[in-house]
Amino acid sequence: MPGAPRLTVAVISAGAVGTAVGEALARAGHAVTAAVARSDASRARAALRLPQARITDVVSAARDAELIILAVPDPELPDVVEQIVPHVGAGRIVVHVAGSRGRAVLDPIALTGALTIAAHPAMTFAGVPDDTDRLTGCPWGVTVGDELSRTVAELLISEIGGRAIPIPESRRPLYHAAMAHGSNHLGAVVADAVDLLARAISDGGDPSATHSPGAARDQAAALLGPLLEASLDNALKWGPRALTGPAARDDAGTVVKHLNVIDDELPRATPAYRALARRIAEMKGSTHLLRELDDRPTGAD
């Protein structure tokens, strides 16, 4: 945003999310002058990607910055808020990026006259430089208490290429549950699917199959990748209408066969397959499959 005032920024702390947000703000022209980095990994990350920031403690970082990014784990947020309250006030902006908490956790800071914003980037972070690039185009779940804070949040997020989506304070837990269910649980399902498919590919009974676990996993990921991308795209566009596969077709026989082979190979994945097959059957009205699952004891998988 050319011509906009530049802010001094403190990042508390330089984990995967905090570093990415701080680096994005630095690219937008703000001055990241301080960072809290308690672990060796965080200090190394900050040195590489926030080179202008001095490594300091929570109180010192908050005392000297105009924009304070709170990127600590969600359970630690109230304690950090308590630590910085005496060192903020009017003219300061305090943003936390915790998904599960709304703006109310920052109420003690708001009472000092500072602007307070809850802004959660809807993105997964691995602690690598690519994280910052992924913030371009990233939507943020934003909760604020007044119009000025809303305007400031939208400006800051737009500066780093993002888009602010308002989330009411009372719905913040549901927002975060949906995000975790869609992202974290999807990741677990995909990891299991790759594992199962790699086992099928590396089966020693087929002389043409590879016996290298690493190669089998790469081949499994290559096979699944296009299918997963298409499935995700269709689900985002069309919802339950886009669901396909044996559970959607009410093919109880195939689902039962799947449960049996998964239970033989990776039994810890069986309950997830069963639960998700049931959910698809409910969405699609697959009555035969629902009856089969109801009649089949859980321990039979």
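Look up a bit, the structure's there.
Note that the structure is a prediction, hence the values are computed from the model and not measured.

Participant: When you look at the overall build of the chain in this model, what are you seeing that I'm missing?
Facilitator: Within the chain, the secondary structure is distributed over 12 helices and 8 strands. Its C-alpha atoms give the chain principal-axis dimensions of roughly 65 × 40 × 35 Å. Counting the 301 residues in the chain, one finds 40% classified as buried. Counting contacts in the chain only where the partners sit at least 6 residues apart, residues at least 24 apart contribute 60% of the total. When the accessible surface of the chain is split by element, carbon and sulfur atoms take 58% of a total near 15,500 Å².

Participant: Please clarify how the packing of helix α10 (residues 252–265) against helix α12 (residues 287–295) should be interpreted in this entry.
Facilitator: Taken N-terminus to C-terminus, the directions of α10 and α12 make an angle of 40°; their axes are 9 Å apart at the nearest point. Judged on the interaxial angle alone, α12 and α10 are oblique. Taken together, the residues of α12 that come into contact with α10 (itself represented by A252, V255, V256 and L259) are H288, L289, E292 and L293. Taken together, the residues that form the contact of α10 with α12 break down as 6 nonpolar, 1 polar and 1 charged.

Participant: What's the story with the sheet that holds strand β7 (residues 139–144) in this structure? I'm lost.
Facilitator: Pairing between the strands of a sheet comes from backbone hydrogen bonds, and it takes one of two forms, parallel or antiparallel. The strand order across the open sheet built from 8 strands is β3-β2-β1-β4-β5-β6-β7-β8, with neighbouring strands paired in mixed fashion. Of all the strands in the sheet, the pair left with one neighbour each is β3 (54–55) and β8 (163–166). Bridging between strand β2 (residues 31–36) and β3 involves 2 bridges; their strand directions are parallel. Bridge pairing links A35 to I55 in β3. Of the strands in this sheet, β4 (67–70), β5 (93–96), β6 (115–121), β7 and β8 are in contact with helix α7 (residues 147–159), which crosses β6 at around 40°.

Analysis parameters
Residues numbered from 1 in each chain as written. Predicted model: local features only at pLDDT ≥ 70, side-chain atom pairs only at ≥ 80, totals over all residues. Heavy atoms only, no water. Helix = DSSP H or I, 4+ residues; strand = E, 2+ residues; numbered from the N terminus. Buried < 20%, exposed > 50% of the residue type's maximum accessible area, 1.4 Å probe, protein only. Contact = heavy atoms within 4.5 Å. Areas by Shrake-Rupley, 256 points an atom, 1.4 Å probe, with all protein chains shown as cover. Axes fitted to C-alpha atoms, helices over the stretch in contact; angles between N-to-C directions. Parallel < 35°, antiparallel > 145°, perpendicular 65-115°, else oblique. Nonpolar A, V, L, I, M, F, W, Y, C, P; charged D, E, K, R; others polar. Pairing = 2+ DSSP bridges.

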